[in-house]
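A look at the structure
Chain by chain, the residues run as shown.
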Amino acid sequence: MVKVPTKLVTWDEIVEWSMGLSEVIKRSEFKPDVVVAVSRGGYVPARLICDFLLVDNLVSLQSQHWTEAAKVAEKAIIKFPYKIELSDHRVLLVDDIVDTGDTLILARDFILSEWRPRELKIAALQWISPVAKIKPDFYYIEVKDWIWFQYPWTRHEDTAQFIKRIIVEEKEKKEWTLSELEAKFRDSYGIYVGDKYFKLALRTLVELGMLKEENNKYLVRSL
Ligand code: ADP
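Not measured: the values here are computed from a predicted model.

**Considerations on the site of the ligand**
- Every one of the 18 residues lining the ligand counts as a neighbour, but Asp96, Ile97, Asp99, Gly101 and Thr103 are closest to it.
- A distance of 3.0 Å separates an oxygen atom of the ligand from a polar atom in the backbone of Thr100.
- Leu104 places a polar main-chain atom, nitrogen or oxygen, 3.0 Å from an oxygen atom of the ligand.
- Burial of the ligand by the protein chains amounts to 87% of its free accessible area of 530 Å².
- When residues of the shell around the ligand are traced back to their parent elements, those giving at least two are β5 (90–98), α3 (102–115) and β8 (148–150).
- In terms of residue count, β5 provides more of the shell around the ligand than any other element does, four residues in total.
- When its residues are assigned to classes, the shell around the ligand shows nine nonpolar, five polar and four charged.

Take a look at the structure:
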């Protein structure tokens, strides 16, 4: 049975954490003039940090695992490598969370060797200290027990994947009602993503051909 410790993170918490992280950076007296968002998780925190620290320059770099939500990831790659000149700049590399740290290590090493900034520091809203291979220079929350943070910017994608995982795991069950799926979701992940997101994710699974909606039931097709 799927049981993943998950915390639903709200938009308000993201603003509060990004503001708190910006205060940590300010206190350090490090003054970045370019923020680099690690795509995709670092986008929102990076944009908020630019606002709180009044930084104009925001670029991004996509460092990615081929992975699914809440699953152990494989190899990390820089998806679209490109070159910019940053030798006069102080760079702040921003991500949402340092979990294994693999994608951040790759992004950091790429920037240091290809973009050659004058200085580079790393900031993340959260740092999972027991599993991370690196400690960010700045973080707002230290997480001591691994958990999946359901951030607001992956709510649709995560919900669809979580529902899919439930269906895959109970593959002998070929028909689900909405309330059965909702109950199982809550039981497996312990969170409530809201009706709009749950129905949107179900619609997506129908569009992808995994489910078919018929007489108020969801019939399992191909998985
Ligand atoms: P990092 O390189 O930041 O440690 P990983 O390589 O482990 O991160 O994962 C890459 C991305 O996957 C993270 O930036 C984040 O968007 C997402 N992610 C990883 N672990 C978690 C988690 N425990 N909760 C939510 N999102 C996560």
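**A word on the side chain of Glu182**
- By the element assignment, Glu182 lies in helix α5 (residues 178–189).
- Salt bridges are absent for the buried Glu182, whose nearest opposite-charge side chain, Arg186, sits at 5.2 Å.
- Setting aside residues no more than four positions away along its own chain, Glu182 makes contact with Asp195 and Phe198.

The rules we used
- Residues numbered from 1 in each chain as written.
- Predicted model: local features only at pLDDT ≥ 70, side-chain atom pairs only at ≥ 80, totals over all residues.
- Heavy atoms only, no water.
- Near = heavy atom within 4 Å.
- Polar contact = N/O pair within 3.5 Å; in protein donor to acceptor, adjacent residues only side chain to side chain.
- Areas by Shrake-Rupley, 256 points an atom, 1.4 Å probe, with all protein chains shown as cover.
- Helix = DSSP H or I, 4+ residues; strand = E, 2+ residues; numbered from the N terminus.
- Nonpolar A, V, L, I, M, F, W, Y, C, P; charged D, E, K, R; others polar.
- Buried < 20%, exposed > 50% of the residue type's maximum accessible area, 1.4 Å probe, protein only.
- Lys, Arg positive; Asp, Glu negative; His and termini not counted.
- Salt bridge = Lys/Arg side-chain N within 4 Å of Asp/Glu carboxyl O.
- Contact = heavy atoms within 4.5 Å.

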